[in-house]
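Here are the chains, one letter per residue:
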Amino acid sequence: MENQDEIPVEPETESSTFISAYEDDDWSNYKDSDVMLQQSAIWEEDAAKSPFVGDKEPLSSLEAEYKSGSPILLEKIKVLSEHYAAIRRTRGDGNCFFRSFMFSYLEHLLESQDVAEVERIKRNVEKCRKTLQGLGYADFTFEDFFALFIEQLESVITGNEAPISHDELVVRSRDQSVSDYVVMFFRFVTSGEIRKRSEFFEPFIFGLANSTVEQFCKTSVEPMGEESDHVHITALSDALGVPIRVVYLDRSSCDSGGVSVNHHDFVPACDEVDKASTSSSGSETNPFIVLLYRPGHYDILYRK
Amino acid sequence: MSTPARKRLMRDFKRLQQDPPAGISGAPQDNNIMLWNAVIFGPDDSPWDGGTFKLALQYSEDYPNKAPTVRFVSRMFHPNIYADGSICLDILQNQWSPIYDVAAILTSIQSLLCDPNPNSPANSEAARAFSENKREYNRRVREIVEQSWNAD
């Protein structure tokens with residue numbers, strides 16, 4: 001899905017199965033599940049090369065990646081390096097936004113030991129739980145995912161005991177039984193927020209996917225591996241009350257000649273946020289979560 | 001041994017017992033909660049009416065992050081069901097999500113019976129009959145319904 005040039009097999013396989021199944025009965029021996037098994041084998045092989053969450057790398061590693069590439073991108077990376085020192089890559093498996101958010105958020109808590117923030121987000125998590133219940137989700141389908149997220153919060157800010165080490169946070173983020181559960185927790189929260197405020201999200205979803213809110217949540221939010229877009233980011237940021245900055249690295253350039261790097265701040269619209277500090281024109285928000293977006297993929301950025 | 005997958009399956013089972021949706025039933029095998037047997041009743045007012053179709057659901061320790069493998073044990077004639085009983089249904093493949101419990105899976109399969117997806121044919125003969133010769137299609141389905149009463 002993400003990094004499309006790395007998995008050229010997928011579209012061809014699908015369409016040929018589709019057409020041939022009508023024409024040639026032999027093709028019915030090749031089941032969707034076989035095709036998907038093969039596809040996921042290709043993905044897993046590919047994914048094994050990179051962990052869910054990578055090591056922190058200096059921004060120069062990004063520059064090296066585009067050495068012989070577009071001059072606009074190299075120019076932008078130079079601009080980027082004035083404000084950002086490092087990048088942490090995440091696996092391009094369709095969950096990169098949620099995975100980046102997870103690591104970035106937990107790492108921030110671990111380093112800041114911001115007890116008030118943990119209390120605040122726990123209140124929002126409880127609201128999200130009520131939202132899902134109100135929407136008719138059965139508790140047992142989501143409670144494990146909620147519990148695991150709370151467990152992660154409590155391991156980075158422990159109160160009396162020492163919190164987990166930074167290395168342990170990295171290990172957990174690479175452990176599928178933790179990492180995928182937290183990603184799924186975010187997917188539940190995102191879906192719940194979109195469904196709860198369906199009137200607000202409807203036009204964005206229609207523009208993005210030409211589908212109903214219900215279809216969109218079912219096919220593009222709740223299944224693992226479905227990529228995120230601004231709708232997901234807005235919903236997650238609103239639901240948890242956490243601002244997110246997304247820095248865009250693409251080939252677009254402005255007419256004025258000078259190269260600049262655009263960013264967009266997703267600022268929670270919910271009542272929990274201190275309106276005075278976010279909406280007054282004078283003070284800028286400064287989200288502690290900064291993600292680098294390159295078309296189709298999100299990674300984590302570190303400020304200087 | 002109680003793993004997250006097994007604990008979740010216990011809750012799936014409890015929910016299915018307390019609040020069973022119409023026209024489906026299912027239970028884990030006595031000694032193995034990872035392997036379920038289920039029955040779907042053909043929906044009323046459809047050619048499937050009266051049929052009792054048996055299925056097997058195999059769960060892995062990756063549940064609920066991965067879908068179970070679901071297969072019809074009864075013989076079927078349906079555009080999205082393969083000769084070996086496996087089912088072409090998005091939520092069992094790339095659209096899987098942990099929100100689907102056993103009841104939701106079986107309910108989705110039940111509605112697939114009357115509402116085939118012609119874009120992903122698994123049985124080309126059934127797909128062709130469904131789109132080109134509804135009478136023949138309905139006749140073949142009625143045959144399958146009758147067979148479902150006799151099979152073990």
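Every chain's residues receive numbers from 1 upward, in the order its sequence appears when written. Both sets of labels track the order of writing: A upward for chains, 1 upward for ligands. Where totals are concerned, whole chains, interfaces and linings use all residues; where local detail is concerned, this predicted model gives features only for residues with pLDDT of at least 70, and gives and counts side-chain atom pairs only at 80 or more. Note: side-chain values were computed over all heavy atoms of the structure, leaving out hydrogens and water.

Looking at an unreviewed UniProt entry, chain B carries the name E2 ubiquitin-conjugating enzyme, with the source organism given as Lactuca sativa. UniProt positions are given in the numbering used here, feature names are shortened, and annotations may be inferred rather than shown by experiment. Regarding chain B, the relevant UniProt record gives this comment under Sequence similarities (unreviewed entry): "Belongs to the ubiquitin-conjugating enzyme family." Its UniProt record, at the heading Function (unreviewed entry), says of chain B: "Accepts the ubiquitin from the E1 complex and catalyzes its covalent attachment to other proteins."

Visitor: Honestly, the overall build of chain A in this entry has me stumped. Any pointers?
Guide: Only runs of H or I of at least four residues qualify as helices and only runs of E of at least two qualify as strands under DSSP, and these elements are numbered from the N terminus. Each helix and strand in chain A was counted, giving 13 helices and six strands. Burial classes: relative accessible area under 20% of the type maximum marks a residue as buried, over 50% as exposed, and values in between as partly exposed (1.4 Å probe, protein chains only). Burial statistics for chain A: of 304 residues in total, 47% are counted as buried. Put simply, of all contacts in chain A between residues at least 6 apart along the chain, 74% involve residues at least 24 apart. A total accessible area of about 14700 Å² is found for chain A, and carbon and sulfur atoms account for 51% of it. Two residues form a contact once any of their heavy atoms are found within 4.5 Å. Methods summary: accessible areas were calculated by the Shrake-Rupley approach with a probe of 1.4 Å, and residue burial reflects only the protein chains presented.

Visitor: Even after reading the chapter, I still don't get the sheet that holds strand 5 (residues 289-294) of chain A, so can you show me in this structure?
Guide: Pairing between the strands of a sheet is mediated by backbone hydrogen bonds and can be parallel or antiparallel. Residue and element names in this part refer to chain A. Note: two strands are recorded as paired if DSSP finds a minimum of 2 bridges between them. Strand order across the open sheet formed by six strands is 1-2-6-5-3-4, with mixed pairing between neighbours. The sheet is open, and its two borders are formed by strand 1 (53-58) and strand 4 (263-266), each paired with just one other strand. For this sheet, the mean inter-axis angle between neighbouring strands, taken without regard to orientation, is 30 degrees. As defined by bridge partners, strand 1 adjoins strand 2 (residues 84-90) across four bridges and the pair is classed as antiparallel. Within strand 2, the residue paired with lysine 56 across the bridge is arginine 88. Strands in contact with helix 5 (residues 96-112) are strand 1, strand 2, strand 3 (244-248), strand 5 and strand 6 (297-303); relative to strand 6, the strand with the most contacts, it is inclined by about 20 degrees. Only C-alpha atoms enter the line fits that serve as axes; for helices the fit covers just the stretch in contact. Angles between N-to-C directions range over 0 to 180 degrees. Its contacts with the sheet place helix 8 (residues 166-174) against strand 1 and strand 2, and it is angled at close to 130 degrees to strand 1.

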